[in-house]
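Remarks on the overall topology
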Amino acid sequence: MNLSEKTEEIVRSVKLINQIIHKKRHEIAQENNLTLDQFHTLIYLKKAERPPTIGEMAAETNKAQNTISERISRLEEKGLVERIKDEKDRRVSRVVLSSLGAELINSINYQASNELISGALANIEEEIVDNMLYGLKELTKYLEDK
């Protein structure tokens with residue numbers, strides 16, 4: 001196998017691993033009584049640089065404001081998000097992830113990545129795992145230098 005073929009195989013493997021982890025996150029979210037839309041909303045809020053308004057969320061996701069508002073209300077009932085007043089304009093409400101919501105997202109991410117991969121690695125010979133780890137560290141090092 002030449003370098004080009006090896007590169008394609010590595011890229012394919014990384015994409016497949018990401019897809020498997022993504023699918024596992026969805027499964028765990030559903031086990032925690034979240035719809036996929038609710039789960040993606042929580043992820044959006046976790047990544048947001050500042051708490052968004054319903055209107056900002058609707059524009060960002062190309063959904064109607066009432067759809068986002070209903071979704072936020074359901075997440076609020078579950079204690080996963082909170083509506084807070086804007087510090088500069090008290091008429092404006094912003095949506096933040098509650099501590100329970102942040103804990104849930106962190107737990108889902110941990111279960112879907114660390115626990116899933118740890119379980120798989122437990123079935124692979126230690127020398128192969130060590131070589132894989134070494135190779136990934138080397139690849140990361142060279143990619144960071146680019």
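Described in the following lines is the structure provided in the data block. Residue numbers run consecutively from 1 along every chain, following the written order of its sequence. Totals for whole chains, interfaces and linings use every residue, but because this is a predicted model, local features are given only for residues with pLDDT of at least 70 and side-chain atom pairs only at 80 or more, for both listing and counting. Side-chain descriptors were evaluated using all non-hydrogen atoms of the structure, hydrogens and water having been removed beforehand.

Concerning the packing of helix H2 (residues 36-47) against helix H5 (residues 99-121)
In plain terms, the rule: Between the N-to-C directions of two axes lies an angle of 0 to 180 degrees, each axis being a line fitted to C-alpha atoms and, for a helix, fitted only over the stretch in contact. The way it works is that DSSP assigns letters per residue, a run of H or I at least four long becomes a helix, a run of E at least two long becomes a strand, and they are numbered from the N terminus. With respect to orientation, any angle under 35 degrees is reported as roughly parallel, any angle over 145 as roughly antiparallel, any angle of 65 to 115 as roughly perpendicular, and every other angle as oblique. We call two residues contacting when some pair of their heavy atoms lies within 4.5 Å. Three classes are used: nonpolar for Ala, Val, Leu, Ile, Met, Phe, Trp, Tyr, Cys and Pro, charged for Asp, Glu, Lys and Arg, and polar for all others, with Gly counted as polar.
Put simply, H2 and H5 touch, their axes get as near as 10 Å, and they point 105° apart. Comparing the axis directions of H2 and H5 gives the class roughly perpendicular. Only Ile105, Asn106 and Ile108 of H5 make contact with H2, whose side of the interface consists of Phe39, Leu42, Ile43 and Lys46. Counted by class, the contact of H2 with H5 contains 5 nonpolar, 1 polar and 1 charged residues.

Comments concerning helix H3 (residues 54-61)
Formally: A 1.4 Å probe rolled over the protein chains alone gives each residue an accessible area, and that area as a share of the maximum for its type sets the label: buried under 20%, exposed over 50%, partly exposed in between. Directions are taken from the helix axis to each C-beta atom, and the arc is the one they span.
For H3, the complete set of buried residues consists of Ile54, Met57 and Ala58. Down the axis of H3, the smallest arc covering the buried residues is 100°, so these residues share one side. Exposed side chains of H3 directed beyond 90 degrees from the buried face belong to Ala59 and Glu60. Residues of H3 that are buried sit in contact with H2, helix H4 (65-77), strand S1 (81-85) and strand S2 (93-97).

What to know about a negative patch on the surface
Note the cut-off: What goes into a patch is any residue over 30% in relative accessible area without a salt bridge, connected to like charges within 9 Å or, for nonpolar side chains (Val, Leu, Ile, Met, Phe, Trp, Tyr), within 5 Å. What sets the accessible areas is the Shrake-Rupley method with a 1.4 Å probe; for residues, cover comes only from the shown protein chains. Definition used for salt bridges: Asp or Glu carboxyl oxygen within 4 Å of a side-chain nitrogen of Lys or Arg. The sign given to each residue is positive for Lys and Arg and negative for Asp and Glu; His and the chain ends receive no count. For this purpose, a charge sits on NZ of Lys, CZ of Arg, CG of Asp or CD of Glu.
Together, Glu125, Glu126, Glu127 and Asp130 make up a negatively charged patch on the protein surface. Relative to the elements of secondary structure, Glu127 occurs in helix H6 (residues 126-144). The class for Glu127 is exposed, based on a relative accessible area of 57%.

Re the packing of helix H1 (residues 3-31) against H5
What counts, and what does not: Crossing handedness is defined as follows: a turn of the near helix away from the far one that is anticlockwise and smaller than a right angle gives a left-handed crossing, while the clockwise case is right-handed.
At a minimum axis distance of 9 Å, the contact between H1 and H5 shows a crossing angle of 130°. Accordingly, the angle class assigned to the pair H1 and H5 is oblique. Note on packing geometry: the crossing formed by H1 with H5 is right-handed. Contacts between H1 and H5 pair Ile20, Ile21, Lys24, Arg25, Ile28 and Ala29 from the former with Ile108, Asn109, Gln111, Ala112, Ser113, Leu116 and Ile117 from the latter. Looking at the contact of H1 with H5 residue by residue, the classes come out as 8 nonpolar, 3 polar and 2 charged.

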